[in-house]
Amino acid sequence: MILVAGSANLDFVVRAQHIPAPGETVLGQDFQTYPGGKGANQAVACARAGGVSTHLLAAFGNDAFATPIEASLQQAQVVLHPVRSAQLATGTAFICVSEQGENAITVAPGANQALRPQHLPPLQGFSHLLLQLETPLESVCAYAQAAQQAGVCVALNAAPAQPLPPALLDALDLLLVNETELACIAGHAGSIVECLQGLQVPSVVVTLGAHGCCALHHGALLFQTAFPITPLDTTGAGDTFCGALCAQLSQGAAMPEALRYASAASALACTRAGAQTSIPEAADVRAFLQQQHSSDSAQHAALAQLRSFCGLPATTTP
Ligand code: RIB
């Protein structure tokens, strides 16, 4: 069983030709709402990956914005441990998605701020705890330390980026970051591999968008190139990766296999609109993986590019 503890937001989304620069107004298309929030998205991604029962600890306001998020979680068969705030509104996120599928997100945390250390449910039966940084850092640290003491594997997706206290890093088995988050946590501007090697977490995975991802897993560097897709909306793709990866690892998959599955799930999520609405079922991911037939030379070229992006020689052969 996996426990995700984190945020739940209602996403207010407008597509526009481009994301506005500071001071700029752009005319967009129709406005849509989608269930989102990094915690809730990652719980849905775990559940849709299949094979593992997924629970979510999240806080909501007493308002109508909570309803579509709870419906989406229920539809994905996520077991919800809700905290209700009488004072704070359900979290919201304001998202502009460009024609290229890139996004800019501003979150109003609202009730996500109400998640406190004492809200953690009993950890018996859970093998993994998955956390993010859209809820109070004090609670994230308390949950991570309680899970570590209980022998539960602790994974943190350190998003949105912020420096992490050493006590939190010490409690982690797995750290999941993008390039910006990695630089922020590593605290220096070295190459990706240098940043990974500077962290004392047993496994660190960095996602690198269209390049793919790289992991430093118990001292071994692993690379997974990205699957070629045309992105429609990248919102929730990182969450899909994190949830799918944890679901795979919790079922005993080896890290390379888990990275491949998570990359495929995340690639598919980029081809669909919204956050939770874009997260694929396991059958879709398996079918997508079976359709991948790139030539050896294309695979070698993509791997060389990924290695060099990470600061290594493009090839391991002399
Ligand atoms: O990672 C995407 C998510 O970030 C969105 O669903 C939004 O709610 C914010 O939490």
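Just so we're clear, the structure is a prediction, and the values are computed from it rather than from any experiment.

A. Spotlight on helix α2 (residues 66–75). The set of residues buried in α2 consists of Ala66, Ile69, Ser72 and Leu73. Looking down the long axis of α2, one finds its buried residues gathered within 135 degrees of arc, a one-sided arrangement. Facing away from the buried side of α2 by over 90 degrees, the exposed positions are Thr67, Gln74 and Gln75. Looking at the buried side of α2, the elements it contacts are β2 (9–16), β3 (28–36), α1 (38–49), β4 (54–61) and β5 (79–85). Just beyond α2, the residue with positive phi is Gln77, at close to 65 degrees.

B. Layout of the site of the ligand. Lining the immediate environment of the ligand, one finds 13 residues, of which Asp11, Gly37, Lys38, Glu134 and Asp239 sit closest. Taking Asn41, its side chain carries an N or O atom lying 3.0 Å from an oxygen atom of the ligand. Glu134 places a side-chain nitrogen or oxygen 2.7 Å from an oxygen atom of the ligand. Starting from 280 Å² of accessible surface for the ligand in isolation, the protein chains cover 96%. Because more than half of its atoms lie within 2 Å of the grid, the ligand is assigned to the largest pocket.

C. The pattern of salt bridges, seen in detail. According to the stated counting rule, one finds 3 salt bridges in the structure shown. In this structure, the salt-bridge partner of Glu281 is Arg48, at a minimum N-O distance of 3.7 Å. Of this pair, Glu281 sits in the loop between α8 (255–270) and α9 (282–290) while Arg48 is found in helix α1, placing the two residues 233 residues apart along the sequence.

D. Representation of the pairing of strand β6 (residues 91–97). Taking burial as the measure, the 7 residues of β6 include 6 buried ones, the bulk of the element. Pairing of β2 with β6, which is carried by 7 bridges, proceeds in the parallel orientation. Residue Phe12 lies in a different strand from β6, and its bridge partner there is Phe94. Bridge count for β6 against strand β7 (residues 103–108) is 6 bridges, and the pairing is antiparallel. For Thr92, the partnering residue across the bridge sits in β7 and is Ala108. Where β6 hands over to β7, the hairpin turn is made up of 5 residues, of which Gly101 adopts a positive phi near 90 degrees.

Definitions and cut-offs
Residues numbered from 1 in each chain as written. Predicted model: local features only at pLDDT ≥ 70, side-chain atom pairs only at ≥ 80, totals over all residues. Heavy atoms only, no water. Buried < 20%, exposed > 50% of the residue type's maximum accessible area, 1.4 Å probe, protein only. Helix = DSSP H or I, 4+ residues; strand = E, 2+ residues; numbered from the N terminus. Arc of directions from axis to C-beta. Contact = heavy atoms within 4.5 Å. Near = heavy atom within 4 Å. Polar contact = N/O pair within 3.5 Å; in protein donor to acceptor, adjacent residues only side chain to side chain. Areas by Shrake-Rupley, 256 points an atom, 1.4 Å probe, with all protein chains shown as cover. 1 Å grid on protein atoms, 1.4 Å probe; cavity = no way out; pocket = protein on both sides within 12 Å on 5 of 7 lines; lining within 4 Å. Sits in = over half its atoms within 2 Å of the grid points. Salt bridge = Lys/Arg side-chain N within 4 Å of Asp/Glu carboxyl O. Pairing = 2+ DSSP bridges.

Everything listed is a geometric property; what it means functionally is a separate question.
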